[in-house]
Amino acid sequence: MSTSTKNIEELVNREYKYGFVTDIETDSVPPGLNEDVIRLISAKKQEPEWLLEWRLKAYRHWLTMTEPTWANVHYPPIDYQGIIYYSAPKQKEGPKSLDEIDPELRKTYEKLGISLEEQGRLAGVAVDAVFDSVSVATTFKKKLSEMGILFSSFSEAVREHPDLVRKYLGSVVPYSDNFFATLNSAVFTDGSFVYVPKGVRCPMELSTYFRINASATGQFERTLIVADEGSYVSYLEGCTAPMRDENQLHAAVVELVALDSAEIKYSTIQNWYPGDKNGKGGIYNFVTKRGKCAGVNSKISWTQVETGSAITWKYPSCILVGENSVGEFYSVALANNYQQADTGTKMIHIGRNTRSTIISKGISAGHGQNTYRGLVKVQKSAVDARNFSQCDSLLIGDKCGAHTFPYIEVKNPTAQMEHEATTSKIGEDQLFYCNQRGISTEDAMTMIVNGFCRQVLRKLPMEFAVEAQKLLGISLEGSVG
Amino acid sequence: MKPMLEIKNLHAKAGCVEILKGINLTLKAGEVHAIMGPNGSGKSTLSHVLAGRETYVVSEGEVLYQGRNLLEMSPEERACEGVFLAFQYPVEIPGVNNTYFLKAAMNAIRKHRGQEELDAMDFLALVRQRAKLVQMDESLINRPVNEGFSGGEKKRNEIFQMTVLEPRLAILDETDSGLDIDALKVVANGVNTLRGPERAFLVITHYQRLLNYIVPDFVHVLSEGRIVRSGGKELALELEAKGYGWIEKEPAPSRVAAEFV
């Protein structure tokens, strides 16, 4: 093996940096799932009757469903009765200020480089930090509420704005949608809720850090973002998780609703524990993310950088109902060691003159398997719909794989569809070229990977882009360009 | 004065095929040497071996660069020590800005030499000035490295990089091939600007044409992995007139090059 190939392997075999477990007393229910567990979750969260009914409806429907097998991912059967469905850090009341937060928890965030003070006070980012299943810190809420923006944990929204939650919950991802979303609908514990009123432009990036912590706790997050007419919001979601051996299931649901002329930008950095270099352990990430451009001229933009998880099953999608509405999907997915990623998007064109853009960058290294799976559907009603799709794959080494499954369904002849796809390899010749200019192989790799992802990274908000570059092992580019 | 580069009995293989079969060549600072030869004679192999390409295995001989064993150095160390190769087929690096790439190279080299990173403004001024020298359009210096460049633009970019990085030993691997006469003059102008007493050039070319503009001090003919003839600049003209067949028919005087220098 040549030196540069060895270097590539060393580089892609770096250990996961964020592996540690914080010891906080947790309040858990025993493993297993039945109607009593769901009632218990609902009761613990003091939920109204209608929500319990909704959960139970979902649970009963879930019992009739089978786990999907069409994705290009392989894993041993999941024991759904072996999962703990509720676990919350013990706390009598919600913290009123940052000082009231458990010091252990604060330390965890600090290890991750997420100081709430820094995030909140210096960067102007409001953080609704989710630690396991209960939101423990919400900052900047006051400032946001002065503008009429609601940003809270999901549970709090259920208590304080039940009508809004009831109106929109399940309006984009119905409880019967798919196996994992239905499971989530039955057992979701917490998540985030955002409502931006008419004509309001949210002045800061809203940010939530998710972190799976209690051992063997499946995490079922539920996020709902509603942007009322003419409003704008940018939401950041970033994740890290501690190292452990057994696989952890994560089945979140994110619903976005954009009314007339509203815009939602949703950015994700996902860096959950991917398993060790032999493929042991790691998070199973089966997520349903979907946005509805309900109003005319509305826009929903998904940007994701997926570097973690043992298995990723995720298709952030847009339903373009409103006339002239726009859907975008920008994705970087990295599969290293034995990671498997099956990710992509669905763009469903329903309204007239709707437009969508898909830019997907898949990076495969080690034994990683990276699949792009995308659907562009133009319904009969979608006159003059347009789509542009670009799917690029980058291979590092010769044991990994890249797969592309673009599905296109067009029922209106006025549609314009474009699809481009490339597969390339980080070549010895590229590395040698950089070496010959004095650049080390490691720096050359980061440079090449960064260049490959550039179209997507530049879509991220600045502070997030920096984190994404770090995650991809990238140093300078982007801040210079 | 110690020579800049001493190649002694260099043998190199690609796989199990021996391509270089005992090269002897010495370059002193301030000199321009041209290497000519037919296709498959080992010209490009020689340039890649000097730059440290791992596709080739050196099976015998040694190469001293400024008195140090060049073959023990990694490709990036060679580059940082001032060895520059203008590639025959420069690769594309999609999404990586040309100027950013060059800045990374410049700073890696400066770091190696214990110098501070170049100030962004100074760097930009240098880049602009050099781009002008090789008549490279400013839009090209901010495009991704070689991406979508024409063949001529890629070659020009190599020379542009060379003039920014200011190497001590520059190896030009058929930089002239595929260039029109105007581009050829631009490339030559870049080389001639850098020409000086502290620098040496090894110009590999198929055709004599380039040597009208970069006038070499010495010309060597490479054939079947050996230098079969060395001479002054007039040797190039002779080759142009008579073709390589003329040399190949003669018995290979393997010691000629070493004796010559």
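Since this is a predicted model, take the numbers as computed values, not measurements. (Residues numbered from 1 in each chain as written. Chains lettered and ligands numbered in written order. Predicted model: local features only at pLDDT ≥ 70, side-chain atom pairs only at ≥ 80, totals over all residues.)

K.L.:
Explanation requested: the overall build of chain B in the structure shown.
P.N.:
Looking only at helices and strands, chain B has 10 helices and 12 strands in total. Scaling as 2.2 N^0.38, a compact globule of 261 residues should have a C-alpha radius of gyration of about 18 Å, and chain B matches this with 18 Å. Overall size of chain B, expressed as C-alpha extent along the three principal axes, is 55 × 40 × 35 Å. By residue count, 47% of the 261 residues in chain B fall in the buried class. (Helix = DSSP H or I, 4+ residues; strand = E, 2+ residues; numbered from the N terminus. Rg over C-alpha atoms; globule rule 2.2 N^0.38 Å. Buried ≥ 20, exposed ≤ 12 C-beta atoms within 10 Å, placed from the backbone.)

K.L.:
What am I meant to see in the overall build of chain A here?
P.N.:
Regarding its fold elements, chain A presents 12 helices and 23 strands. Within chain A, contacts between residues at least 6 apart in sequence are counted, and of these 83% link residues at least 24 apart. (Contact = placed C-beta atoms within 7 Å.)

K.L.:
It is not clear to me how the pairing of strand β1 (residues 5–14) of chain B should be interpreted in this structure. Could you clarify?
P.N.:
On any regular strand, side chains alternate: one points to one face of the sheet, the next to the other face. All names here are of chain B. Pairing of β1 with strand β2 (residues 17–27), which is carried by eight bridges, proceeds in the antiparallel orientation. Bridging from a neighbouring strand, A12 pairs with L20 of β2. Linking two consecutive strands that pair antiparallel, namely β1 and β2, is a turn of two residues; a positive phi of about 65 degrees is found at G15 within it. (Pairing = 2+ DSSP bridges.)

K.L.:
What exactly am I supposed to notice about the sheet that holds β1 of chain B here?
P.N.:
As a general point, the strands of a sheet are linked pairwise by backbone hydrogen bonds and lie either parallel or antiparallel. Residue and element names in this part refer to chain B. Spatially, the four strands line up as an open sheet ordered β2-β1-β4-β5, and their pairing is antiparallel. Only two strands of the sheet have a single partner each, and these edge strands are β2 and β5 (68–69). Of the strand pairs in this sheet, β1 and strand β4 (residues 56–65) are connected by eight bridges, and their pairing is antiparallel. Bridged to I7 within β4 is V63.

K.L.:
Got a minute to help me understand the interface of chain A and chain B in this structure?
P.N.:
It is common to give the size of an interface as the accessible area that goes away when the parts come together. If you look at the interface, chain A gives 22 residues, while chain B gives 24 residues. Secondary-structure elements contributing two or more residues to the side of chain A that touches chain B are α1 (3–12), α10 (428–436) and α11 (441–457) of chain A. Taken together, the residues of the side of chain A that touches chain B sort by class into seven nonpolar, 10 polar and five charged. (Nonpolar A, V, L, I, M, F, W, Y, C, P; charged D, E, K, R; others polar.)

K.L.:
Where do I start with the environment of I264 of chain A in this structure?
P.N.:
Residues and elements named next belong to chain A. Summarising the element assignment, I264 is placed in strand β12 (residues 263–271). Separated by 185 residues in sequence, I264 and V449 place their C-alpha atoms 28 Å apart. Those residues within four positions of I264 in sequence are excluded, and the remaining contacts are I225, A227, V233, L256, A258, G291 and I300.

K.L.:
Please explain the environment of P162 of chain A as it appears in this structure.
P.N.:
One can find P162 of chain A in helix α8 (residues 162–168). Along the backbone, P162 of chain A and E47 of chain A are 115 residues apart, and their C-alpha atoms lie at a distance of 9.5 Å.

K.L.:
Would you mind showing me how to read the environment of K154 of chain B here?
P.N.:
All names here are of chain B. Locating K154 in the fold gives a position in helix α6 (residues 151–165). Taking the number of C-beta atoms within 10 Å as the measure of exposure, K154 has 21 and is therefore buried. With 70 residues separating them in the primary sequence, K154 and F84 have C-alpha atoms 16 Å apart. Discounting residues that sit within four places of it in the chain, K154 has contacts with P90, N146 and F149.

K.L.:
Mind showing me how you'd approach the pairing of strand β16 (residues 317–320) of chain A here?
P.N.:
Residues and elements named next belong to chain A. Alternating residues of β16 divide into S317 and I319 and C318 and L320, and every residue in both groups is buried. As judged from the four bridges shared by strand β13 (residues 283–293) and β16, these two strands associate in the parallel manner. Directly across from G291, in β16, lies its bridge partner C318. With three bridges connecting them, β16 and strand β18 (residues 340–349) associate as parallel partners. Residue pairing in the sheet places I319 in a bridge with I348 of β18.

K.L.:
How do you make sense of α11 of chain A when you look at a structure like this?
P.N.:
Along an α-helix, residues three or four positions apart point the same way, because every turn accommodates 3.6 residues. Helix geometry: α11 of chain A is bent most strongly at G451 of chain A, by close to 40 degrees. Along α11 of chain A, 15 of the 17 residues are buried, which leaves the element largely enclosed by surrounding structure. (Bend = angle between axes of the 7 residues up to and from the residue.)

K.L.:
I tried to follow the sheet that holds strand β9 (residues 169–173) of chain B on my own but got confused; where do I start?
P.N.:
Residue and element names in this part refer to chain B. With respect to topology, six strands assemble into an open sheet ordered β6-β9-β10-β3-β11-β12, the strand pairing being mixed. With partners counted over all chains shown, the strands left at the sheet margins are β6 (83–86) and β12 (226–231), one partner each. Each adjacent strand pair in this sheet contributes to an overall mean axis angle of 20 degrees, direction not counted. Here strand β3 (residues 32–36) runs beside strand β10 (residues 200–205); their pairing, made up of five bridges, is parallel. Across the sheet, the residue bridging to M36 is T205, located in β10. (Axes fitted to C-alpha atoms, helices over the stretch in contact; angles between N-to-C directions.)

K.L.:
Would you take a moment to explain the packing of helix α3 (residues 98–112) of chain B against α6 of chain B for this structure?
P.N.:
A pair of packed helices can be characterised by two numbers: the angle between their axes and the separation between those axes. Residue and element names in this part refer to chain B. Interaxial distance between α3 and α6 falls to 11 Å at its minimum, and their mutual angle equals 35 degrees. When the axes of α3 and α6 are compared, the crossing they make is right-handed. Together, L102, A105, M106 and I109 of α3 and Q161, V164 and L165 of α6 make up the contact between the two elements. In terms of residue class, the contact of α3 with α6 is made up of six nonpolar, one polar and no charged. (Left-handed = near helix turned anticlockwise from the far one by under 90°.)

K.L.:
Just checking my understanding: could you explain the packing of helix α3 (residues 49–63) of chain A against helix α9 (residues 179–187) of chain A for this structure?
P.N.:
Residues and elements named next belong to chain A. Two numbers describe how α3 lies on α9: the axes approach to 7 Å, and their chain directions differ by 145 degrees. Classified by chirality, the crossing of α9 by α3 is left-handed. Judged by residue contacts, R55, A58, Y59, H61 and W62 of α3 engage T182, L183, S185 and A186 from α9.

K.L.:
Any chance you could explain the nonpolar core here in plain terms?
P.N.:
A general trend in soluble globular proteins is that nonpolar side chains are found buried together. In this structure, V194, A227 and A258 of chain A together with I171 of chain B are the most contacted members of the largest nonpolar core, which totals 188 residues. Considering each element in turn, this core owes the most residues, nine residues, to α11 of chain A. If we ignore the near neighbours within four places in the chain, the residues touching I171 of chain B are S47, L50, A51, F84, L85, A86 and L202 of chain B. (Core = buried A, V, L, I, M, F, W, Y, C linked by C-beta atoms within 7 Å.)

K.L.:
Is there a simple way to think about unusual backbone geometry in this case?
P.N.:
What you tend to see is this: most non-glycine residues have negative phi, and most peptide bonds are trans. Residues and elements named next belong to chain A. In this structure, S261 is a non-glycine residue whose phi angle is positive, near 55 degrees. Positionally, S261 belongs in the loop between β11 (253–258) and β12. Phi is positive for N297, close to 55 degrees, though the residue is something other than glycine. Among the secondary structure elements, N297 is positioned in the loop between β13 and β14 (299–306).

K.L.:
Would you mind going over the confidence of the model for chain A with me for this structure?
P.N.:
Close inspection of predicted coordinates is inappropriate in any region flagged by low pLDDT. Residue and element names in this part refer to chain A. In the predicted model, chain A carries a mean pLDDT of 80, and 76% of its residues have values of at least 70. For chain A, helix α5 (residues 116–122) is the element with the lowest average pLDDT, namely 42, and β16 is the one with the highest, namely 97. Ignoring residues within four places in sequence, the model shows residues 91–95, a span with pLDDT below 50, making five contacts including any to other chains. Overall, residues 474–481 carries pLDDT values under 50, and its contacts beyond four positions in sequence, including any with other chains, amount to 17 contacts. (pLDDT = per-residue confidence, 0-100.)

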